[in-house]
Amino acid sequence: MWSLYGWLFNFIFLIAVISIIGYELMCLTDLEFDYINPYDSARRINMVVLPEYITQAVLCLSFLLTGHWVLCLISVPYLYFNLTLYLQRKHLVDVTEIYNQLSREKSQRLFKLGYLVILLVLSLFWLLWTIAGEEFD
């Protein structure tokens, strides 16, 4: 039963990271179609960047602590990428350069979203596998 609770905890954190990335993509798309000004877009994105990094780090640590080694190893490169962006001070969006960096920022977040969707499918598979295994025990 504890394994099921671990999977549900991981699943909730994974959905949280995906929703934060979706929000960032929505802000960048609104900026691209000129629905929002650059200052508001950069402020909204910069407000959720650190919570995204922290949530992803907690997710990776949770995979490690619950014994899901494969998913932890799959999520480590994403954590490393976020850590290097943070240490190089490139994690925040610059208001004055946001139009020049718009395509790079969108493609970076789309890649993150694809990576997380693959992790979500794997987590969902193992969550259902755990539910089915406990049902027959």
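Structure shown above.
Residues numbered from 1 in each chain as written. Predicted model: local features only at pLDDT ≥ 70, side-chain atom pairs only at ≥ 80, totals over all residues. Heavy atoms only, no water.

Some words on the packing of helix α1 (residues 2-32) against helix α2 (residues 38-65)
Between α1 and α2, whose axes approach to 9 Å, the crossing angle comes to 160°. By the angle between their directions, the pair α1 and α2 is classed as roughly antiparallel. Both α1 and α2 take part in a crossing whose hand is left-handed. A class-by-class count of the residues in the contact of α1 with α2 yields 20 nonpolar, five polar and three charged. (Axes fitted to C-alpha atoms, helices over the stretch in contact; angles between N-to-C directions. Helix = DSSP H or I, 4+ residues; strand = E, 2+ residues; numbered from the N terminus. Parallel < 35°, antiparallel > 145°, perpendicular 65-115°, else oblique. Left-handed = near helix turned anticlockwise from the far one by under 90°. Nonpolar A, V, L, I, M, F, W, Y, C, P; charged D, E, K, R; others polar.)

Side note on α2
With 28 residues, α2 extends 40 Å from end C-alpha to end C-alpha; this agrees with the ideal 40 Å at 1.5 Å per step. At Val49, α2 shows its maximal bend, which comes to roughly 25°, and the proline Pro51 appears one to four places after that position. Note on α2: the residue one or two positions beyond its end, Gly67, has a positive phi of about 85°. (Expected span 1.5 Å × (residues − 1). Bend = angle between axes of the 7 residues up to and from the residue.)

Here we look at a nonpolar patch on the surface
On the surface, Phe9, Leu50, Ile54, Val58, Leu83, Tyr86 and Leu87 cluster together into a nonpolar patch covering about 630 Å² of accessible area. Assignment of secondary structure puts Leu87 in helix α3 (residues 69-87). (Patch = residues over 30% accessible without salt bridge, like charges linked within 9 Å, V, L, I, M, F, W, Y side chains within 5 Å. Areas by Shrake-Rupley, 256 points an atom, 1.4 Å probe, with all protein chains shown as cover. Salt bridge = Lys/Arg side-chain N within 4 Å of Asp/Glu carboxyl O.)

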